[in-house]
Amino acid sequence: MIETGILNRDIVAELAKMGHTDRILIADAGLAIPNTTKVIDISLDINVPTTIDVLKVLLKHFSVEKLILSQATIDVSPSRYKEYLSLFDKNMPCEIVEHSTLRDTLTKEVKFAIRTGDFTANSNIILVSAGGPRWYCENLE
């Protein structure tokens, strides 16, 4: 099982290497991700966290301006969609796009992706970040 602390350091360290991050894609293992996108594939591990768990980790370290969700997320699991929204301030802008738009257009603009092993719901989410990490990964405990 992946320990949350290790997951924190790994993800934040990778994102910190990139400097400013405009968009972070969190995708289920089935979403095609362009070759130009750097990927942490935690779906290869046993007992990987769900997308919700990954979001909780990222939100400790990154500020977010906007959430972009695939319409397929709502279609496949309305309860998961509500769970995603509950992690953010109720005034957080949330854009719902067709799955094909997210897959074919938005993913091309993403420089970094976290691929999860969460197959229980379509988990294609883009976080539009207000900047990079709130602090450097060396300061994490």
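Criteria and thresholds
Residues numbered from 1 in each chain as written. Predicted model: local features only at pLDDT ≥ 70, side-chain atom pairs only at ≥ 80, totals over all residues. Heavy atoms only, no water. UniProt positions renumbered as here; feature names shortened; annotations may be inferred. Salt bridge = Lys/Arg side-chain N within 4 Å of Asp/Glu carboxyl O. Helix = DSSP H or I, 4+ residues; strand = E, 2+ residues; numbered from the N terminus. Axes fitted to C-alpha atoms, helices over the stretch in contact; angles between N-to-C directions. Parallel < 35°, antiparallel > 145°, perpendicular 65-115°, else oblique. Contact = heavy atoms within 4.5 Å. Nonpolar A, V, L, I, M, F, W, Y, C, P; charged D, E, K, R; others polar.

The name recorded for the chain in an unreviewed UniProt entry is D-ribose pyranase, from Acetivibrio straminisolvens JCM 21531. Checking UniProt for the chain, the heading Catalytic activity (unreviewed entry) contains the comment "beta-D-ribopyranose = beta-D-ribofuranose".

A. Spotlight on the pattern of salt bridges. Taken as a whole and assessed by the stated rule, the structure comprises 5 salt bridges. Residue R115 is joined to D41 by a salt bridge in which the shortest nitrogen-to-oxygen separation is 3.6 Å. One end of the pair, R115, is in strand β5 (residues 112–116); the other, D41, is in strand β2 (residues 38–41), and 74 residues separate them in sequence.

B. Representation of the packing of helix α2 (residues 51–61) against helix α4 (residues 78–86) in the model. Where α2 contacts α4, the two axes come as close as 10 Å, and the packing angle between them is 10°. By the angle class used here, α2 and α4 are roughly parallel. For the pair α2 and α4, the contacting residues are T51, I52 and L55 in the first and R80, E83 and Y84 in the second. A per-class count over the contact of α2 with α4 returns 3 nonpolar, 1 polar and 2 charged.

C. Broad picture of the environment of V54. Tracing the backbone through its elements, the reader meets V54 in helix α2. Setting aside residues no more than four positions away along its own chain, V54 makes contact with I11, I26, I42, P49, I114 and T116.

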